[in-house]
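The chain contents come next:
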Amino acid sequence: MRALRRAWIAWVVFCFICVHLCSCVANSSAAEPGPWATYRGNSARAGNTDGKVGPVVPRVHWAQKSRDHFIAAPVPYGDRLFVSGLGFINISTFYSLDLSPKGGGSVAWKKSAPYLKLPTVSSPGVADGKLVFGDGMHQTDGATLYCLSAGKGAPLWQLPVPGTLVHLEGSPTIVGGRVYLGAGAAGVLCVSLDRVTLDGKAMTTAAVAKVVEAKWAGLRKKYEEALKKKDPFAVPPTDDDLPRAAPEVVWQQGKGKWHVDAPVAVVGERVLAASAFLDKEKEGERALFCLDAKTGKQLWKSPLAINPWGGPAVSGNTVVVTGSTIGYDPKSVKGARGVVTAFDLTTGAKKWSKEVAGGVPSCVALTKDSALATATDGRVRAYDLKNGRLRWFYNAGAPFFAPVAVAGDTAYAGDLKGVVHAINVRTGTKRWALDLGTDPAVMAPGMIYAGPVLHGGKLYVATCNLVGEFVNRPTAVVCIGEK
């Protein structure tokens, strides 16, 4: 009897271990990128990763004025806010702003030319203390992918991606030690985050960091010695003088066939990439592709009706992709059309599709049961995630290019008049609106191209004035908190 009981107990323990192991395997195969390691913080594109709702009664805590134009969404990470800006003749500057209580949004460090070669309109992905972002935009050919240390901005590696209509506009996704991103006409790239080559030698980024630090110390010492000797030709070193490691390219898919400007999404073992067709250049294929994350092998493809500039958002087994007949051009807003379409993650089968009386250039933000879409007709719409039924719409009275940020029962949207709207997610009614152009702490009218983001209960918004009625007027990066 005792032997039978011991055998029964052993069997129960064995079954428990098996179930636990299966659960671990399932969870590992469905790994999600960490907070802010992908566009808008997570695969749902919520613009929020900590679940903390923004201000109930808003007040501008600080505003950093600038002559740069902020097209990409800011990315909060710890006590830093990373944002890229375009300056005179499209010279790019990448900023790390201090979010600490005493920092007030001041510049902790920044990178610009000659290190950054082309305009940067990409929000970075952040993982393991590393920043990854690309440069290039539609007017340029060829691009570079950069990896910096998040703390001090020290260069770790860079990957040149040559070619006509190649640009790295979409934010990368970092997961499992790999970086996934769209590269325009270069299709989709997968590169290693930590395995690099320097001067023909395989190394890790940790080893490269030591080499870079030592090289920088040597350059600074040489410069300071030249100053002591009053050398009139003494030139301070720049990041462009440092060693340039290159990451291992794991795979590339769709080169010369697709045109992927939108951020990709990585869910478990799948990579979702939305490709456009460029009518003028006759380039690309208008479709949503699902690829194997390990090999890049195509798993399925679903055609798209309109170009998908915002890229996919994912919740559970549902992928939602937006489309717009126009890109990010305020002069083309009139007459623009859009679409919001849901697909099955496993098979690529269409679940539902809804036409929109306005372009939808940005991605949707997903809650547990709704897809929140902004459009150039000035409306925010909430669609039932299961069947696409319109639940409500909110009329802001000004066009939207940027996606919403959402936490709890509130969504936050920024329009092309520089007004930030807080909307009740359940009903679509207005909670509050804040005009950055007239607020005494900002007084800088500008368009909001990139979605607001939430972090620690505060809302961060950046503006641009590349075109429009406030062209070349000062812009701002703004922190909105509780009054």
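Residue numbers here run from 1 along each chain, matching the order of that chain's written sequence. Where totals are concerned, whole chains, interfaces and linings use all residues; where local detail is concerned, this predicted model gives features only for residues with pLDDT of at least 70, and gives and counts side-chain atom pairs only at 80 or more. The basis for every side-chain value is the complete set of non-hydrogen atoms in the structure, without hydrogens or water.

Engineer: So what exactly am I meant to see when it comes to the sheet that holds strand 18 (residues 298-303) here?
Structural biologist: Paired through their backbone hydrogen bonds, the strands of a sheet run either parallel or antiparallel. Reading across the sheet, the 4 strands line up as 15-16-17-18 and stay open at both edges, with antiparallel pairing between neighbours. Every other strand in the sheet has two partners, leaving strand 15 (265-267) and strand 18 as the edge strands with one partner each. The mean inter-strand angle of the sheet, taken between neighbouring strand axes irrespective of direction, is 25°. Inspection of the sheet shows strand 17 (residues 283-292) paired to strand 18 by 5 bridges, in the antiparallel sense. Looking at strand 18, one finds that Leu291 is bridged to Gln298. One bridge is not enough; two strands pair if DSSP finds at least two bridges between them. Think of it this way: any DSSP run of H or I at least four residues long counts as a helix, any run of E at least two long counts as a strand, and we number them from the N terminus. Where helices are involved, their axes are fitted lines through C-alpha atoms of the stretch in contact, as for all axes, and angles between N-to-C directions lie from 0 to 180°.

Engineer: Please clarify how the packing of aromatic side chains should be interpreted in this entry.
Structural biologist: Note on aromatic pairs: each is described by the distance of the centres and the angle between the planes. In this analysis, rings of Phe, Tyr and Trp, with Trp reduced to its six-membered ring, are considered paired at centre separations within 6.5 Å, and the interplanar angle assigns stacked below 30 degrees, edge-to-face beyond 60, and tilted for intermediate values. Applying the stated rule across the entire model yields 15 aromatic pairs. Pairing Phe82 with Phe94 gives two aromatic rings, centres 6.2 Å apart and planes at 20°, and the pair type is stacked. Of the two residues, Phe82 sits in strand 3 (residues 80-86) while Phe94 sits in strand 4 (residues 92-98), which places them 12 residues apart along the sequence. On the accessibility criterion, Phe94 (0% relative accessible area) is buried. Considering the side-chain rings of Tyr115 and Tyr146, the 5.2 Å spacing of their centres and the 50° angle between planes classify their relative orientation as tilted. With a gap of 31 residues between them, Tyr115 in the loop between strand 5 (107-111) and strand 6 (125-127) and Tyr146 in strand 8 (residues 143-149) connect regions that are remote in the sequence. Per-residue accessibility, obtained with a 1.4 Å probe over protein chains only, is compared with the maximum for each type, and a residue is labelled buried under 20%, exposed over 50%, and partly exposed between these values. Taking relative accessible area as the criterion, Tyr146 reaches 0% and is therefore assigned buried. Across the ring face of Phe393, the terminal group of Arg379 is positioned such that the distance to the ring centre comes to 4.0 Å. The criterion is that NZ of a Lys, or CZ of an Arg, lies within 6 Å of the ring centre and within 35 degrees of the ring normal, and then a charge sits over that ring.

Engineer: Looking at this structure, I do not really get the nonpolar core. What am I missing?
Structural biologist: Nonpolar side chains in soluble globular proteins tend to end up buried together. Side-chain atoms within 4.5 Å link the members of a nonpolar core, which is a set of buried Ala, Val, Leu, Ile, Met, Phe, Trp, Tyr and Cys residues. Formed by 33 residues in total, the largest nonpolar core has its most connected members in Val132, Leu145, Trp157, Ile174, Val179 and Leu193. Counting only elements with at least two residues in this core, the list comes to strand 8, strand 9 (155-161), strand 11 (178-182), strand 12 (188-198), helix 2 (205-228) and strand 16 (270-278). Of all the elements, strand 12 adds the most residues to this core, at 5 residues. The contact definition used throughout considers only heavy atoms, calling two residues in contact when any of these lie within 4.5 Å. The contact partners of Ile174, leaving out residues within four places of it in the chain, are Pro33, Ala37, Gly125, Val126, Ala127, Val132, Val179 and Leu193. Of all hydrophobic cores here, the second largest spans 25 residues; its members include Leu81, Phe82, Leu131 and Ala150.

Engineer: Could you clarify how one ought to interpret a nonpolar patch on the surface in this entry?
Structural biologist: Put simply, a patch holds well-exposed residues, over 30% relative accessible area, that have no salt bridge, with like charges counted together within 9 Å and Val, Leu, Ile, Met, Phe, Trp or Tyr side chains within 5 Å. Here the open area of atoms and residues is found with the Shrake-Rupley method and a 1.4 Å probe, where only the protein chains shown may cover a residue. Salt bridges are defined by distance alone: a side-chain nitrogen of Lys or Arg within 4 Å of a carboxyl oxygen of Asp or Glu. There is a patch of nonpolar side chains on the surface, built from Phe88, Ile89 and Ile91 and spanning about 360 Å² of accessible area. Within the secondary structure, Phe88 sits in the loop between strand 3 and strand 4.

Engineer: I tried to follow the environment of Ala185 on my own but got confused; where do I start?
Structural biologist: Mapped onto the elements, Ala185 comes out in the loop between strand 11 and strand 12. According to the relative accessible area criterion, Ala185 is buried, its value standing at 6%. Beyond its immediate sequence surroundings of up to four residues, Ala185 is in contact with Thr164, Leu165, Val166, Gly254, Lys255, Gly256, Trp258, His259 and Glu283.

Engineer: Please clarify how the side chain of Thr93 should be interpreted in this entry.
Structural biologist: Looking at the element boundaries, Thr93 is found in strand 4. When its relative accessible area of 9% is taken as the criterion, Thr93 is described as buried. Only 3.3 Å separates the side chain of Thr93 from the side chain of Ser112, close enough to count as a polar contact. When residues no more than four places from it in sequence are discounted, the contact partners of Thr93 are Asp68, Val83, Ser84, Gly85, Lys110, Lys111 and Ser112. A 3.5 Å cut-off defines polar contacts: any pair of N or O atoms within that distance qualifies, except that in protein one atom must be a possible hydrogen donor and the other a possible acceptor, and neighbouring residues in sequence count only when both atoms are side-chain atoms.

Engineer: Explain the environment of Arg220 to me, please; I cannot follow it from the model alone.
Structural biologist: Summarising the element assignment, Arg220 is placed in helix 2. For the pair Arg220 and Pro237, spaced 17 residues apart in the sequence, the C-alpha separation amounts to 6.7 Å.

Engineer: Would you explain the pairing of strand 26 (residues 390-395) in this entry?
Structural biologist: For a regular strand, side chains alternate in direction, first toward one face of the sheet and then toward the other. Summarising the sheet, strand 25 (residues 379-384) and strand 26 pair through 5 bridges and their orientation is antiparallel. Across the sheet, residue Ala382 finds its bridge partner in strand 26, namely Trp392. Where strand 25 hands over to strand 26, the hairpin turn is made up of 5 residues, of which Gly388 adopts a positive phi near 80°.

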